[in-house]
Amino acid sequence: MAKVICITNQKGGVGKTTTSVNLAYFLAKDRNKVLLVDMDPQGNASSGLGLDKTALDKSMTEVMLGAVTMGEIIRETAFKGFDLAPTTPQLANAEVEMAGMKGKFGMLKKAVMAVEGDYDYIIIDSPPSLSLLTVNGMIAADYLILPVQTEFYALEGVAQLLESMAMVKKAMNPDLKLLGVLATMYDKRTSLSGEVLAEVKRYFKDKVFRASIPRNVRVAEAPSHGVPVGAYDKFSKGAKAYKDFAREVEERTEG
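## What to know about the packing of aromatic side chains
With the rule as written, the count across this model stands at seven aromatic pairs. On the basis of an interplanar angle of 75° and a centroid distance of 4.8 Å, the ring pair of F152 and Y153 is categorised as edge-to-face. Looking at F152, the relative accessible area reads 61%, which means it is exposed. With a centroid separation of 6.3 Å and an interplanar angle of 65°, the aromatic rings of Y242 and F245 are classed as edge-to-face. Placement of the pair is Y242 and F245 together in helix α12 (residues 237-254), with a separation of three residues, close to one helical turn. One aromatic cluster in this structure is built from Y25, F26, F79 and F82. Cation over ring: R252 sits above F209, and NZ or CZ is 4.1 Å from the ring centre.

Here it is, written out as structure tokens:
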């Protein structure tokens with residue numbers, strides 16, 4: 001059965017979607033069968049893989065409302081072993097509709113369970129908020145990965161996120177584990193990045209991944225070309241960092 005990983009942080013702009021796309025890509029490059037589930041109504045993971053969201057007639061919106069199955073919306077990407085469950089901005093409206101639904105917290109879990117036998121990894125890109133969609137991601141997941149930018153307010157809100165994880169773990173998903181914390185937007189030229197990374201390591205200790213993601217123009221450019229950074233410039237520092245990170249994820253989930 002697939003290892004289900006939810007990538008989450010309620011802060012925006014921490015590299016969450018970039019991490020989701022590139023982790024899925026490099027896991028697939030290492031001969032895994034991977035599904036990326038776009039649970040962010042902004043749909044940046046979908047558009048970052050070259051998908052025209054306006055052309056979608058079915059997406060995660062309909063899945064979360066129970067109108068279609070996950071299998072009905074999954075589509076292949078341009079990369080071997082890498083599938084996508086896309087979304088559109090209508091997912092934000094669906095979240096409002098879900099509020100009155102029975103079983104609203106387990107909709108994603110139910111959808112994932114129907115396809116997890118087809119994959120080695122399922123990566124969930126969640127929205128930048130502690131919303132019903134994010135909670136659905138936590139309940140569906142075996143593991144959480146927390147991207148943290150190495151900037152001044154890096155740990156702001158992290159305690160609240162960990163509290164939410166603890167509540168989900170206690171009430172609805174006792175097997176949920178924090179797989180690790182990924183330092184993003186690291187700039188070794190500045191003392192601030194080094195200081196923040198040291199603070200993150202003090203806070204999370206061995207949960208911090210050895211790999212850190214540098215500030216890299218290739219990582220920023222790749223989504224506008226509809227591809228992960230590994231396909232855009234495989235020799236870039238960003239591609240190498242995400243490749244190393246994906247290997248660590250494999251190591252930690254094999255144990």
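After that view, the rundown keeps rolling.
## Examining the environment of F26
With respect to the helices and strands, F26 occurs in helix α1 (residues 16-29). The residues touching F26, leaving out its near neighbours within four places in the chain, are G230, A239, Y242, K243 and A246.

## Some details on the pairing of strand β7 (residues 177-186)
The buried fraction of β7 is high, at eight of 10 residues. Here strand β6 (residues 143-149) runs beside β7; their pairing, made up of seven bridges, is parallel. The partner of Q149 across the bridge, within β7, is T184. Pairing of β7 with strand β8 (residues 208-214), which is carried by three bridges, proceeds in the parallel orientation. Residue pairing for β8: Y186 is matched across the bridge by P214. The handedness of the β7 to β8 crossover, carried by helix α9 (residues 191-204), is right-handed.

## Side note on the sheet that holds strand β2 (residues 34-38)
In spatial order, the strands read β3-β4-β2-β5-β1-β6-β7-β8; together these eight strands make up an open sheet with mixed pairing. The sheet is open, and its two edges are formed by β3 (75-76) and β8, each paired on a single side. Pairing of β3 with strand β4 (residues 82-85) involves two bridges; the strand directions are antiparallel. Residue pairing for β4: E76 is matched across the bridge by D83. Lying over the sheet, α1 contacts β1 (3-7), β2, β4, β5 (121-125), β6 and β7, oriented at roughly 165° with respect to β5. The strands that α12 touches are β1, β5, β6, β7 and β8; relative to β8, the one it contacts most, it runs at about 160°.

## Topic: a positive patch on the surface
On the surface, K29, K234, K243 and R247 cluster together into a positively charged patch. With respect to the helices and strands, R247 occurs in helix α12.

## Section: the nonpolar core
Of all hydrophobic cores here, the largest spans 46 residues; its most connected members are V37, M60, M64, M70, L108 and I122. Sorting elements by how many residues they give to this core places helix α7 (residues 132-140) first, with six residues. The residues contacting I122, other than those within four sequence positions of it, are A2, K3, V4, I5, L35, V37, V112, V115 and E116. Formed by 37 residues, the second largest nonpolar core is a distinct cluster that contains F79, I123, F209 and A241.

## Remarks on α7
Among the nine residues of α7, nine are classified as buried, and the element is accordingly described as predominantly covered. Taken as a whole, α7 has its buried residues at L132, L133, T134, V135, N136, G137, M138, I139 and A140.

## Some words on the pairing of β1
Summarising burial for β1: four of the five residues are buried, a large majority. With five bridges joining them, β1 and β5 adopt parallel strand pairing. Note on β5: the bridge partner recorded for I5 is I123. Of the strand pairs in this sheet, β1 and β6 are connected by three bridges, and their pairing is parallel. Bridging across to β6, I7 finds its partner in I145.

Here is what the cut-offs are and how they apply
Residues numbered from 1 in each chain as written. Predicted model: local features only at pLDDT ≥ 70, side-chain atom pairs only at ≥ 80, totals over all residues. Heavy atoms only, no water. Phe/Tyr/Trp six-rings, centres within 6.5 Å; stacked < 30°, edge-to-face > 60°. Buried < 20%, exposed > 50% of the residue type's maximum accessible area, 1.4 Å probe, protein only. Helix = DSSP H or I, 4+ residues; strand = E, 2+ residues; numbered from the N terminus. Lys NZ or Arg CZ within 6 Å of the ring centre and 35° of its normal. Contact = heavy atoms within 4.5 Å. Pairing = 2+ DSSP bridges. Right-handed = clockwise from strand over helix to strand, strands pointing away. Axes fitted to C-alpha atoms, helices over the stretch in contact; angles between N-to-C directions. Patch = residues over 30% accessible without salt bridge, like charges linked within 9 Å, V, L, I, M, F, W, Y side chains within 5 Å. Areas by Shrake-Rupley, 256 points an atom, 1.4 Å probe, with all protein chains shown as cover. Salt bridge = Lys/Arg side-chain N within 4 Å of Asp/Glu carboxyl O. Lys, Arg positive; Asp, Glu negative; His and termini not counted. Charge placed at Lys NZ, Arg CZ, Asp CG, Glu CD. Core = buried A, V, L, I, M, F, W, Y, C linked by side-chain atoms within 4.5 Å.

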